[in-house]
Amino acid sequence: EVAVNKFNEKYNDSLTEEEKKILKVLRENNEEKTKTLVSDLVKETIQLVNQHLDDYGDNVTVKSKLLETKDVIYKMSENNDSFNEKVLRLYELKKNLKND
């Protein structure tokens, strides 16, 4: 409990609500909740990739990279191991896609 309080004191104002939710799910170490989180992140990230495809679809190079990215995301959703790692990779990708 002391560690949680210290963490909250230090990071409470700098984390987004989504980041707090992700940390909570990962901390609970509940496989079903983590699977659900991965599924949600896959859907949200695919939506962002599709949006970028609409925006940059005329550029063949960008379109190719986005389609490769989409394929990797779908493969991540099919593979049932390393959920914690997937959550972090998907969140980072989602964040990068939002910033573009």
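Heads up: these notes are all about the structure in this document.

Procedures and definitions
Residues numbered from 1 in each chain as written. Predicted model: local features only at pLDDT ≥ 70, side-chain atom pairs only at ≥ 80, totals over all residues. Heavy atoms only, no water. Helix = DSSP H or I, 4+ residues; strand = E, 2+ residues; numbered from the N terminus. Buried < 20%, exposed > 50% of the residue type's maximum accessible area, 1.4 Å probe, protein only. Contact = heavy atoms within 4.5 Å. Areas by Shrake-Rupley, 256 points an atom, 1.4 Å probe, with all protein chains shown as cover. Lys, Arg positive; Asp, Glu negative; His and termini not counted. Charge placed at Lys NZ, Arg CZ, Asp CG, Glu CD. Core = buried A, V, L, I, M, F, W, Y, C linked by side-chain atoms within 4.5 Å. Patch = residues over 30% accessible without salt bridge, like charges linked within 9 Å, V, L, I, M, F, W, Y side chains within 5 Å. Salt bridge = Lys/Arg side-chain N within 4 Å of Asp/Glu carboxyl O.

1. Some words on the overall build of the chain
- Broken down by element type, the chain carries five helices and zero strands.
- C-alpha atoms of the chain, sized along the principal axes, occupy 55 × 30 × 15 Å.
- In the chain, buried positions account for 26% of the 100 residues.
- A separation threshold of at least 6 residues defines the contact pool for the chain, and within that pool the share at least 24 residues apart is 60%.
- Carbon and sulfur atoms make up 47% of the accessible area of the chain, which amounts to about 7200 Å² in all.
- Taking the 18 positively charged and 21 negatively charged side chains of the chain as two groups, their mean positions are separated by 2 Å.

2. Observations concerning the nonpolar core
- Counting residues in each nonpolar core, the largest one holds 19 residues, and the members touching the most others are Val87 and Leu90.
- Among the secondary structure elements, those contributing two or more residues to this core are helix H2 (17-28), helix H3 (31-56), helix H4 (60-78) and helix H5 (83-99).
- In terms of residue count, the dominant contributor to this core is H3 (eight residues).
- Dropping the residues within four chain positions of it, Val87 is found in contact with Ile22, Leu26, Thr34, Leu37, Val38 and Leu41.

3. A closer look at the environment of Asp58
- Mapped onto the secondary structure, Asp58 falls in the loop between H3 and H4.
- Residue classification places Asp58 among the exposed residues on the basis of a relative accessible area of 80%.
- C-alpha separation for the pair Asp58 and Leu37, spaced 21 residues apart in sequence, amounts to 32 Å.

4. Things to note about unusual backbone geometry
- Despite not being glycine, Asn29 has its phi angle at roughly 55°, a positive value.
- Structurally, Asn29 can be placed in the loop between H2 and H3.

5. Observations concerning a nonpolar patch on the surface
- Residues Phe7, Tyr11 and Leu23 make up a contiguous nonpolar surface patch of roughly 240 Å² in combined accessible area.
- Position of Leu23 relative to the elements: it lies in helix H2.

6. A look at the side chain of Glu19
- You can see Glu19 is positioned in helix H2.
- The side chain of Glu19 sits in the buried core without any salt bridge; Lys95 is the nearest counter-charge, 4.5 Å away.

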